[in-house]
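Chain by chain, the residues:
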Amino acid sequence: MNLDNVLKIAEGTGDEVAQLTSGLVKYNSAHPDGFTDGCVEYIKAYCDKHGIENEVHANDPKKPNIVARVKGTGDKNIIWVGHIDVVPEGKLENWTYPPYDGVIADDCVYGRGSSDMKGSCAAAMVSARTLNEMESIPNTVEFWFTSDEEIGGGEGARWLAQSGRFKGDICVIGDGNGGGPYAPSIDLGCKGGAGVKLIAKGQTAHGSTPYLGKNAITRLIKAIPWVEKVDNFTLDWPEGLKSAVEGSVEYYKGMTPEESHGVMEKNFYTPSVTCNIIHAGVKINVVPDYAEAEFDIRLTPGSHPKKVVDRIKDLVKKSGIEGLEVVPTREHAADDYAGYYESPDSSFADQFKAVIKTITGKPVNMKILTGGTDGISTSKIAGIPSLGYGTSLTGQAHQPDERVTIENLVLGVKIFTAFPLVYQ
Ligand SMILES: [Zn+2]
């Protein structure tokens with residue numbers, strides 16, 4: 001089938017992809033539970049109804065993953081990976097529509113996960129059906145829908161990769177913001193983490209006699225700015241990433257208000273650091289002897305988390321504050337490099353770029369995502385070159401009132417259907 005016909009068919013799938021997005025949103029798969037069994041049943045029912053081969057793979061029965069497979073005539077295997085777990089909804093009063101109602105309004109689908117990334121998963125489902133209805137397709141395509149992405153892929157992509165279930169020549173990650181029809185972009189990789197926990201210890205005492213104790217909260221609060229100083233540390237990512245880093249800085253500047261451009265300038269050259277969790281105190285009349293703070297620290301791919309953690313340890317030591325300890329919170333932080341990245345010059349990248357350019361009629365930017373994706377597992381663990389294109393709407397991931405445009409979803413259907421047909 002020629003590409004024009006495929007795109008015409010995809011153009012008519014707006015209602016279907018919106019309904020499927022809404023259907024997925026209605027199954028609450030938010031962490032901390034992150035249960036994906038409802039979403040997986042929903043995807044399975046769709047596959048069964050349309051005669052699409054599928055299998056459920058679960059290490060934890062409440063957090064299953066599912067693959068939909070369309071066999072091709074050739075020997076190449078393309079895998080598409082997207083996640084069906086979501087982050088919590090936060091305060092309900094910040095939502096115009098309830099977060100798990102999947103309301104379709106104003107040419108958008110609203111709800112937790114619509115942008116990140118149940119909409120993209122719905123687009124992949126429609127692509128699987130469209131490809132499956134063709135007489136024959138050249139490449140085998142597997143659409144994987146995974147759990148646990150938002151917490152590092154433990155029962156999802158990480159487990160699927162470690163257990164050898166991902167087998168493919170190339171991988172398309174459906175996560176992230178591909179810029180929609182107006183500013184299309186491909187993700188060459190994503191940042192990785194070097195998270196740390198800062199622990200402050202002190203000495204307990206009665207709340208009425210604080211001078212007899214050593215307050216761990218006071219120590220922690222004084223120490224936090226010392227950890228934050230690591231945002232001046234120059235990262236050691238590989239030279240080959242230079243053009244992608246420069247492209248990313250420009251891309252993120254375009255997405256952020258003018259006053260944040262200074263931050264974007266250094267966002268890929270130094271770590272980002274933010275203290276997002278504090279645990280401390282037991283009772284109002286007890287001077288606490290323990291307090292801890294957790295930091296989310298993100299690094300440009302190819303740089304070394306250990307060096308950053310060591311730098312933080314130096315800074316905390318330099319602070320001169322007593323009773324402090326820095327503990328790395330990321331697995332493998334000691335010997336690994338952060339995130340992942342692919343070459344912008346591969347045949348895969350050229351072909352993927354060409355398809356998106358043909359469909360959108362726009363030049364395609366190459367960038368590095370600031371957030372992590374399942375691409376870390378498919379690329380670094382399964383060893384499959386992984387490029388990202390997602391249908392997310394700018395600025396919507398993890399936000400209240402999250403939504404996605406049906407226009408973005410239809411574009412996703414086009415790209416996820418067309419690319420496996422033309423890839424050589
Ligand atoms: Zn995501």
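Residues numbered from 1 in each chain as written. Predicted model: local features only at pLDDT ≥ 70, side-chain atom pairs only at ≥ 80, totals over all residues.

**Section: the nonpolar core**
Applied cut-off: To define a nonpolar core, we join buried Ala, Val, Leu, Ile, Met, Phe, Trp, Tyr and Cys residues through C-beta atoms within 7 Å and take the resulting set. Exposure classification rests on a simple neighbour count of other C-beta atoms within 10 Å of a residue's own: a residue reaching 20 or more is buried, one at 12 or fewer is exposed, and one in between is partly exposed. C-beta atoms are placed from the backbone. Numbering of helices and strands runs from the N terminus, with a helix taken as a DSSP run of H or I at least four residues long and a strand as a DSSP run of E at least two residues long. Boundaries of every domain are those given by an automatic assignment or by a domain database. With C-beta atoms placed from the backbone, a contact is any residue pair whose C-beta atoms sit within 7 Å.
Membership of the largest hydrophobic core comes to 83 residues, with the highest contact counts inside it found for V17, W80, A122, M125, F143 and I415. Ranked by the residues each element gives to this core, the list is headed by helix 4 (residues 114-132), at nine residues. Counting contributing residues per domain, this core is built from domain 1 (3-190 + 339-422) and domain 2 (192-251 + 262-328), each supplying no fewer than three. Ignoring anything within four residues of it in the chain, the contact list for A122 reads V17, L20, T21, L24 and L409.

**What about helix 9 (residues 305-318)?**
What counts here: A helix is expected to reach a length of 1.5 Å times the quantity of its residues less one. The directions from the helix axis to the C-beta atoms form the arc being described.
With 14 residues, helix 9 extends 20 Å from end C-alpha to end C-alpha; this agrees with the ideal 20 Å at 1.5 Å per step. Here helix 9 has its buried residues at P305, V308, V309, I312 and V316. Down the axis of helix 9, the sector holding all buried residues measures 100°, keeping them to one side. Exposed and oriented more than 90 degrees from the buried face of helix 9 are K317 and K318. On its buried side, helix 9 packs onto strand 10 (196-201), helix 6 (216-228), strand 14 (290-299) and strand 15 (324-328). Positive backbone phi, at 75°, marks G320, one or two positions downstream of helix 9.

**Describing the environment of A10**
By secondary structure assignment, the location of A10 is in helix 1 (residues 3-11). C-beta crowding within 10 Å serves as the criterion here: with 24 such atoms nearby, A10 is assigned to the buried category. Sequence-wise, A10 and E258 are 248 residues apart; in three dimensions their C-alpha atoms are separated by 37 Å. The residues touching A10, leaving out its near neighbours within four places in the chain, are T130, V410, V413, K414 and T417.

**Overview of the sheet that holds strand 4 (residues 104-105)**
Selection rule: Paired strands, in this sense, are two strands between which DSSP finds at least two bridges. Simply put, an axis is a line fit to the C-alpha atoms, just over the touching stretch for a helix, and the angle between two N-to-C directions goes from 0 to 180 degrees.
Pairing is antiparallel in the open sheet, where three strands are placed in the order 4-5-19. The open sheet has two free edges, formed respectively by strand 4 and strand 19 (403-405), since each of these has just one partner strand. Direction of pairing for strand 5 (residues 108-110) relative to strand 19: antiparallel, over a ladder of three bridges. Counted as the bridge partner of Y110 is R403 from strand 19. Against the sheet, helix 2 (residues 14-26) touches strand 4, strand 5 and strand 19, its axis set at about 5° to strand 5.

**A short note on helix 2**
Here helix 2 spans 18 Å end to end across 13 residues, near enough to the 18 Å set by a 1.5 Å rise per residue. The complete set of buried residues in helix 2 reads V17, A18, L20, T21, S22, L24 and V25. As for helix 2, its buried residues are in contact with helix 3 (37-49), strand 4, strand 5, helix 4, strand 19 and helix 12 (406-422).

**Topic: unusual backbone geometry**
For the bond from H31 to P32, the omega torsion is 15°, close enough to zero to count as cis. Within the secondary structure layout, P32 lies in the loop between helix 2 and helix 3. Backbone torsion omega between D116 and M117 reads -15°, so that peptide bond is classified as cis. By secondary structure assignment, the location of M117 is in helix 4.

**Some thoughts on the environment of S260**
Along the polypeptide, S260 turns up in the loop between helix 7 (242-255) and helix 8 (261-266). Classification of S260 as partly exposed rests on a count of 13 C-beta atoms within 10 Å. Sequence spacing of S260 and E142 is 118 residues, and the spatial spacing of their C-alpha atoms is 40 Å.

**Describing the packing of helix 2 against helix 12**
For clarity, the cut-off: If an angle is under 35 degrees, it is roughly parallel; if it is over 145, roughly antiparallel; if it lies from 65 to 115, roughly perpendicular; otherwise it is oblique. Here the nonpolar group is Ala, Val, Leu, Ile, Met, Phe, Trp, Tyr, Cys and Pro; Asp, Glu, Lys and Arg are the charged ones; every other residue, Gly included, is treated as polar.
Between helix 2 and helix 12, whose axes approach to 9 Å, the crossing angle comes to 105°. Between helix 2 and helix 12, the angle is such that the two are roughly perpendicular. Within the contact between the two elements, helix 2 uses G14, V17, A18 and T21 and helix 12 uses I406, L409, V410 and V413. Residue composition of the contact of helix 2 with helix 12, by class: six nonpolar, two polar and no charged.

**Things to note about the environment of N276**
You can see N276 is positioned in strand 12 (residues 272-280). It is 15 Å that separates the C-alpha atoms of N276 and P328, two residues lying 52 residues apart in sequence. Non-local contacts of N276, meaning those with residues more than four positions away in its chain, are made with E294 and D296.

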